[in-house]
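Structure assessment
Next come the chains, spelled out residue by residue.
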Number of protein chains: 2
Amino acid sequence: MKTFVNPGKDEIKQITTRPVIKLKSLKKVIKPIFKSVRRRGDKALIRFAFEYDHAEIKDVLVTEREIQAAITKVNPELKSAINKAVANIEKFHQAQVQSELKIETMRGVSCMRRSVPIEKVGLYVPGGTAPLFSTVLMLGIPAKIAGCREIVLCTPPTKEGRIHPAILYAANLVGIHKVIKVGGAQAIAAMTYGTESVPKVYKIFGPGNQYVTAAKQYVSQKGMAIDMPAGPSEVAVYADETAIPQFVAADLLSQAEHGIDSQVLLVTSNVDILKKCKLEIDKQLDKLPRKRIAEQSLAKSSLVVMNSQEEAIKLLNQYAAEHLILSVKEPEKVADQIINAGSVFLGNLSPESVGDYASGTNHTLPTNKAALAFSGVSVDSFVKKITYQKLTERGIKTLGPIVEVMAEEEHLVGHKNAVTLRLKYLEKN
Amino acid sequence: MKTFVNPGKDEIKQITTRPVIKLKSLKKVIKPIFKSVRRRGDKALIRFAFEYDHAEIKDVLVTEREIQAAITKVNPELKSAINKAVANIEKFHQAQVQSELKIETMRGVSCMRRSVPIEKVGLYVPGGTAPLFSTVLMLGIPAKIAGCREIVLCTPPTKEGRIHPAILYAANLVGIHKVIKVGGAQAIAAMTYGTESVPKVYKIFGPGNQYVTAAKQYVSQKGMAIDMPAGPSEVAVYADETAIPQFVAADLLSQAEHGIDSQVLLVTSNVDILKKCKLEIDKQLDKLPRKRIAEQSLAKSSLVVMNSQEEAIKLLNQYAAEHLILSVKEPEKVADQIINAGSVFLGNLSPESVGDYASGTNHTLPTNKAALAFSGVSVDSFVKKITYQKLTERGIKTLGPIVEVMAEEEHLVGHKNAVTLRLKYLEKN
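Residues numbered from 1 in each chain as written. Chains lettered and ligands numbered in written order. Predicted model: local features only at pLDDT ≥ 70, side-chain atom pairs only at ≥ 80, totals over all residues. Heavy atoms only, no water.

Topic: the overall build of chain A
Short version of the rule: Helical segments are the DSSP runs of H or I of at least four residues, strand segments are the runs of E of at least two, and each set is numbered from the N terminus. Burial here depends on accessible area, computed with a 1.4 Å probe over protein chains only, as a share of the maximum for the residue type. Under 20% is buried, over 50% is exposed, and the range in between is partly exposed. The contact criterion used is simple: two residues touch if any of their non-hydrogen atoms lie within 4.5 Å. His residues and chain termini do not enter the charge count, which takes Lys and Arg as positive and Asp and Glu as negative. Every charge is mapped onto a representative atom, which is NZ of Lys, CZ of Arg, CG of Asp or CD of Glu.
Scanning chain A from N- to C-terminus turns up 17 helices and 14 strands. In terms of principal-axis extent, the alpha carbons of chain A reach across some 85 × 60 × 45 Å. Going through the 429 residues of chain A one by one, you find that 61% of them count as buried. Considering only intrachain contacts with a sequence separation of at least 6, the fraction spanning at least 24 residues in chain A is 74%. With 58 positive and 44 negative side-chain charges, chain A shows a spacing of 7 Å between the two charge centroids.

Regarding the pattern of salt bridges
Residues and elements named next belong to chain A. Applied cut-off: When a carboxyl oxygen of Asp or Glu is within 4 Å of a side-chain nitrogen of Lys or Arg, the pair counts as a salt bridge.
Counted under the stated rule, the structure contains 36 salt bridges over all chains. The shortest N-O distance in the salt bridge between E234 and R18 comes to 2.9 Å. Here R18 lies in the loop between α1 (9-16) and α2 (24-40) and E234 lies in strand β9 (residues 234-239), a separation of 216 residues in the sequence. Across the pair, R18 and E234 agree in class, each one buried.

Side note on the interface of chain A and chain B
Stated precisely, the cut-off is as follows: Once two parts are brought into contact, the accessible area they lose, counted with a 1.4 Å probe and summed over both, makes up the buried area. Under this definition, polar contacts are N or O atom pairs within 3.5 Å; protein pairs additionally need one hydrogen-donor-capable and one acceptor-capable atom, and for neighbouring residues in sequence, both atoms have to be side-chain atoms. By the convention adopted, Pro, Cys, Tyr, Trp, Phe, Met, Ile, Leu, Val and Ala count as nonpolar, Lys, Arg, Asp and Glu as charged, and the other residues, Gly among them, as polar. Paired strands, in this sense, are two strands between which DSSP finds at least two bridges.
Contact residues are listed per partner, giving 120 residues for chain A and 120 residues for chain B. Here chain A and chain B share an interface that buries about 10,500 Å² over both sides, 62% of which is from carbon and sulfur atoms. Here R113 of chain A and D380 of chain B are joined by a salt bridge, their closest N and O atoms 3.5 Å apart. Linking chain A to chain B there are 65 residue pairs in polar contact (both at pLDDT 80 or more). In terms of residue count, the dominant contributor to the side of chain A that touches chain B is helix α17 (residues 413-428) of chain A (10 residues). Per-class residue counts for the side of chain A that touches chain B are 61 nonpolar, 34 polar and 25 charged. The pairing of strand β13 (residues 343-346) of chain A with strand β14 (residues 383-391) of chain B spans four bridges and is classified as parallel. Among the inter-strand pairings, L346 of chain A is bridged to a residue of β14 of chain B, identified as K390 of chain B.

A short note on the environment of K384 of chain B
On the secondary structure map, K384 of chain B appears in strand β14. In sequence terms K384 of chain B and L421 of chain B are 37 residues apart; their C-alpha atoms lie 33 Å from each other. With sequence-adjacent residues up to four places away left out, K384 of chain B is seen in contact with I339, N340, A371, L372, A373, F374 and S375 of chain A together with R114, S115, V116, P117 and I118 of chain B. A distance of 2.6 Å separates a polar atom in the side chain of K384 of chain B from a polar atom in the side chain of N340 of chain A.

With respect to the state of the cysteines
Residues and elements named next belong to chain A. What counts, and what does not: Only a pair of cysteine sulfur atoms within 2.5 Å counts as a disulfide in this structure description.
Across all of its chains, the model carries zero disulfides over all chains by this definition. Free of any disulfide, C154 has its nearest neighbouring cysteine sulfur in C148, separated by 15 Å. Residue C154 is classed as buried on the basis of its relative accessible area, which comes to 0%.

Quick notes on the relation of the copies chain A and chain B
Under the convention used in this document: Least-squares fitting of one copy onto the other uses the C-alpha atoms of those residues that reach a pLDDT of at least 70 in both copies.
Laying chain A over chain B is done by rotating through 180° and shifting 0.0 Å along the axis; what remains is an RMSD of 0.0 Å. Considering both components of the superposition, the chain copies are consistent with a two-fold axis. Residue Q221 of chain A of chain A places its C-alpha closer to the rotation axis than any other residue of that unit, at 3.7 Å. A share of 100% of the interface residues of chain A reappears at the interface of chain B, consistent with the copies meeting face to face through the same patch.

Details of the sheet that holds strand β6 (residues 178-181) of chain B
Residues and elements named next belong to chain B. Under the convention used in this document: Axis definition: a line fitted to C-alpha atoms, limited for helices to the stretch in contact. Angles are taken between N-to-C directions and run from 0 to 180 degrees.
Read from one edge to the other, the open sheet built from five strands follows the order β6-β5-β4-β7-β8, with strand pairing classed as parallel. Of all strands in the sheet, those with a lone pairing partner are β6 and β8 (225-226), marking the two edges. With four bridges joining them, strand β5 (residues 150-155) and β6 adopt parallel strand pairing. Each bridged residue has a counterpart across the sheet, and for C154 the counterpart in β6 is I180. Strand contacts of helix α8 (residues 184-193): β4 (120-124), β5 and β7 (203-205), with the helix running at about 175° to β4, the strand carrying the most contacts.

Thoughts on the packing of aromatic side chains
Residue and element names in this part refer to chain A. The condition that has to hold: Stacked, tilted and edge-to-face are the three classes assigned to paired rings of Phe, Tyr and Trp, where Trp is represented by its six-membered ring and a pair needs centres within 6.5 Å; plane angles under 30 degrees give stacked, over 60 edge-to-face, the rest tilted. Our definition puts a charge over a ring when NZ of Lys or CZ of Arg is within 6 Å of the ring centre and also within 35 degrees of the ring normal.
Counted by the stated rule, this structure contains 10 aromatic pairs over all chains. Seen in terms of ring centroids, F48 and Y52 are 5.7 Å apart; in terms of plane orientation they differ by 15°. Their pairing is stacked. Separated by four residues within a single helix, F48 and Y52 lie in helix α3 (residues 42-53), roughly one turn from each other. A residue is classified by how much of its surface remains accessible, and Y52, at 40% relative accessible area, is partly exposed. Residues F205 and F382 carry aromatic rings whose centres are separated by 4.0 Å and whose planes lie at 15° to one another, so their mutual orientation is stacked. Placement of the pair is F205 in strand β7 (residues 203-205) and F382 in the loop between α15 (352-357) and β14 (383-391), with a sequence separation of 177 residues. The class for F205 is buried, based on a relative accessible area of 0%. Above the face of the Y388 ring, R114 is positioned so that its terminal group lies 4.7 Å from the ring centre.

Notes on the packing of helix α16 (residues 393-409) of chain A against α17 of chain A
Residue and element names in this part refer to chain A. Our working rule: By the definition used in this description, the sense in which the near helix is turned from the far one sets the handedness, with an anticlockwise turn below a right angle giving left-handed and a clockwise turn giving right-handed.
Between α16 and α17, the shortest axis-to-axis distance is 9 Å and the interhelical angle comes to 145°. The hand of the α16/α17 crossing is left-handed. Judged by residue contacts, E393, I396, K397, G400, P401, V403, E404, A407 and E408 of α16 engage H415, K416, V419, T420, L423 and L426 from α17. Classifying every residue of the contact of α16 with α17 by side-chain character gives seven nonpolar, three polar and five charged.

Focus: the nonpolar core
So the rule is basically this: We define the nonpolar core as a collection of buried residues of types Ala, Val, Leu, Ile, Met, Phe, Trp, Tyr and Cys that are connected through side-chain atoms lying within 4.5 Å of one another.
Grouped together as the largest cluster of nonpolar side chains are 97 residues, with contacts concentrated most on L399 and M406 of chain A together with V121, L123, L137 and F382 of chain B. Per element, the largest residue contribution to this core is nine residues, and it comes from helix α6 (residues 133-146) of chain B. Counting residues in hydrophobic clusters, the runner-up holds 73 residues, among them A130, Y202 and Y357 of chain A together with I402 of chain B.

Quick word on the environment of Q318 of chain B
Residues and elements named next belong to chain B. With respect to the secondary-structure elements, Q318 resides in helix α13 (residues 309-319). Judged by relative accessible area, Q318 falls into the partly exposed class, the value being 36%. Apart from the residues within four sequence positions on either side, Q318 is in contact with I12, T16 and K369.

Details of the pairing of strand β10 (residues 263-268) of chain A
All names here are of chain A. The condition that has to hold: Handedness of a crossover: with both strands directed away from the viewer, a clockwise path from the first strand across the helix to the second marks it as right-handed.
The buried fraction of β10 amounts to six of the six residues, a majority that puts the element mostly inside the structure. Alternating residues of β10 divide into Q263, L265 and V267 and V264, L266 and T268, and every residue in both groups is buried. For the crossover that starts at β9, traverses helix α10 (residues 245-256) and ends in the parallel β10, the hand is right-handed. The sheet contact formed by β10 and strand β11 (residues 302-305) spans four bridges and is parallel.

Structural notes on the confidence of the model for chain A
Counted only if it meets this: Residue-level confidence of the predictor, termed pLDDT, takes values from 0 up to 100.
In this model, chain A carries an average pLDDT of 95, and 100% of its residues clear a pLDDT of 70 or more. At the level of chain-chain contacts, confidence expressed as ipTM amounts to 0.96, with global pTM at 0.97.

Have a look at this one:
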């Protein structure tokens, strides 16, 4: 961990810069995968499951029987926890649903806007070292609330050709019935082109390894909608003298254990707090099962002392963290000044983990400074907002001449004609 | 124009497929432009203005004096029309502003969501054959309503090194004071990297020619947020026996005159209406100043007869038009079944032109089937929605154990620790 005290401009640039993700070289790897999936459909997916996941499977679609078997395997304690998390996530996301907007901008000119669900969406849930059933909830719940008609979930099978029971339990609970045993770039390819078992979708969501990320970027260039540009997960903690170093250390480590490319940043108000937090990190790190991973990601991370709160907030806004924990005396006051962040955790009793799982907010958030312009996943991400307008006779008579003048100035006589013909017609009839 | 009667699956594919836009070859053209702008800043922009716009300019930034001079040049009739359009657009977009969302998902667990403006945004307004001051309104008004702190507008200069007065009048009216004389890929490069006169922005909006489109796609791959993938403009008209062929023809032609790559699609309920519309198109086309352009885009367009309304709506949803005009008996009833479109125009008295200029809805809309997953520009496009959470002691005590169970199952012990340490601390204190 590198320590900075009141860093200058160049150092701030260094602190806020994320490690470069080289997706270009991955394109060479994923292109043949895409080609194969496009040509051979399910057969290609079965072959890739063998090649990459070392799983012999006959069908890529998880059967109803497998789902029911999985449900019985999940222990009651976990079921109860998932059920409570679902209730919270549903509450917060249900509140995001927007009702129809209808405005009469002029007498006889009605303008409307309506949220219409994206018909077909694809959710990617990583497998690998951790069975991320929480991601099933974070993507599946808003998709269901939005009203998407077709929701397909792709996730890689284990060596035994199975999907982790908690993933199937979560999927079933939120109402996703099409779960496909496919991971990596081939999953993204399947949802892009469609196969015998996988429907072609209009938007793809979810985190993943570098191949998944590269594949999502690849299809996005070809016009496929994706949730957001992905990068390694990250947290920034802002701690003043009221912070509890033990908590700060735990929060930083909970991020660091995600992967060796995770990023953590600590900004403190003085050197004393920084020292205490550092000691706590060393102490807690030793006991972590994922110590090796956390160590590597901590090595690339920064601890920063900022004497003024104003400068600290400026740095945090430049960093634009995916997760920002405000372990400060007046977290709301600081939060009001935060203009760039994915999700903000207020005070000593709000660790990132609560948002990762169960508080109700979404955990699919913008990384790698994308929070400068992107939001996290929400019900909005699963709808399009279509606008409508309807003019009455009075409306076109009032608005028409305005449009005629403007269209003429833009040299678009055809645009003007569409109005003029109507006005003439109304005069005659 | 190609005519289809009750087309089959293959023909529908043909009808709904847009002409391919080849952006790859343009990358070779734009890359050196980007390099030059990055290295030489304003100097590069001045050189490109000479090279591409044949304009000798000393400064790229439009001065206050130029703005004031332009304002006096715009005739009162146009000013009045623009002012009324602004009022309508403001009304509809102001209604899109979302208030803070605050939900207590569990006792002691507060989740919030707030719209925060994107700090710095860049708007591109094409010059060329038509001075698109309407685009200034459609991008500038929502940016201002959202509260973006820095708004920069790039638009190419005329040969005389000037910006069309109506563009400057519109920009000034909506409160944009930084107008830059730069067009093409170099404008996108300037807003991406920043130059002496152009601020580096976080999101780029606006239509443009193929170089601008390619440049936006290029920067989007590098993580820059853009409004939406761009393609040529398009309209679909659905006309039943209540439609007025004269209006239908005018609406199709108003789209066709945009550019030679514009797309129009007419879906009718019977051959008789189709014939009448076709006759009207021929009649009106002859009188259009932009006849040559309209002819070329019509040549690639389709006229389709669909005997059943159900099939017609299915086709329209597959086409996913940027603009959809419903010249039918019960337009609201049909609109309820439209799930893919950018903006919908209801009834015989609602031509596309009203939405292009002044009804209040936005004219920056998804083309090329992007309406399957994308919305048009709105106030939403200029904000990020940041989520927040705050737990009380009671909150973490209730939610904590749920998170512990879930984190453990995902093998993320660090995540669990962040909660466990807090629960232990609260027990002791």
